[in-house]
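Overview (structure and organization)
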Amino acid sequence: MLLLFPAIMDLLASLLSYIALNMVASSVWQISRGGVIITTAIFSFFFLKKKFERNAIIGCVIAFVGITGV
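Predicted model only: the values in this text are computed from it and were never measured. (Residues numbered from 1 in each chain as written. Predicted model: local features only at pLDDT ≥ 70, side-chain atom pairs only at ≥ 80, totals over all residues. Heavy atoms only, no water.)

Moving on: a nonpolar patch on the surface. Together, Met-1, Leu-4, Phe-5, Ile-8, Met-9, Leu-12, Leu-15, Leu-16, Ile-19, Met-23, Val-24 and Val-28 give the surface a local cluster of nonpolar side chains, amounting to about 1,300 Å² of exposed area. Residue contributions to the nonpolar patch peak at nine residues, all from helix α1 (residues 4-23). Its place among the elements puts Met-23 in helix α1. (Patch = residues over 30% accessible without salt bridge, like charges linked within 9 Å, V, L, I, M, F, W, Y side chains within 5 Å. Areas by Shrake-Rupley, 256 points an atom, 1.4 Å probe, with all protein chains shown as cover. Salt bridge = Lys/Arg side-chain N within 4 Å of Asp/Glu carboxyl O. Helix = DSSP H or I, 4+ residues; strand = E, 2+ residues; numbered from the N terminus.)

Written out as structure tokens, the structure reads:
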């Protein structure tokens, strides 16, 4: 019973993602999925007060440059 709420939220998120995938081009979908790495890092930094190592910061910068370059 403890896992019911997170499982339902994950199911809802997946459902909304598949609906969005049907409404946009697949290339746009892939680029926006790459942005998940960056937004997760930003939210972790501000809300969880997580400190990142140099490799993680460099990886986020490379992902950002790759997304904006495409």
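The next point concerns the packing of aromatic side chains. Note on aromatic pairs: each is described by the distance of the centres and the angle between the planes. One pass over the full model with this rule turns up two aromatic pairs. On the numbers, 5.6 Å between centres and 40 degrees between planes, the contact of Phe-43 with Phe-47 is tilted. Of this pair, Phe-43 and Phe-47 both sit in helix α2 (residues 26-47), four residues apart, which is roughly one turn of that helix. Its relative accessible area of 65% is what places Phe-47 among the exposed residues. Measuring from ring centre to ring centre gives 5.2 Å for Phe-45 and Phe-46, while their planes differ by 80 degrees; the resulting arrangement is edge-to-face. For Phe-46, a relative accessible area of 51% corresponds to the exposed category. (Phe/Tyr/Trp six-rings, centres within 6.5 Å; stacked < 30°, edge-to-face > 60°. Buried < 20%, exposed > 50% of the residue type's maximum accessible area, 1.4 Å probe, protein only.)

The next subject is unusual backbone geometry. Notably, Lys-49 is not glycine yet its phi reads approximately 60 degrees, a positive angle. Structurally, the position occupied by Lys-49 is in the loop between α2 and α3 (54-69).

So yeah, pure geometry; function would need other evidence.
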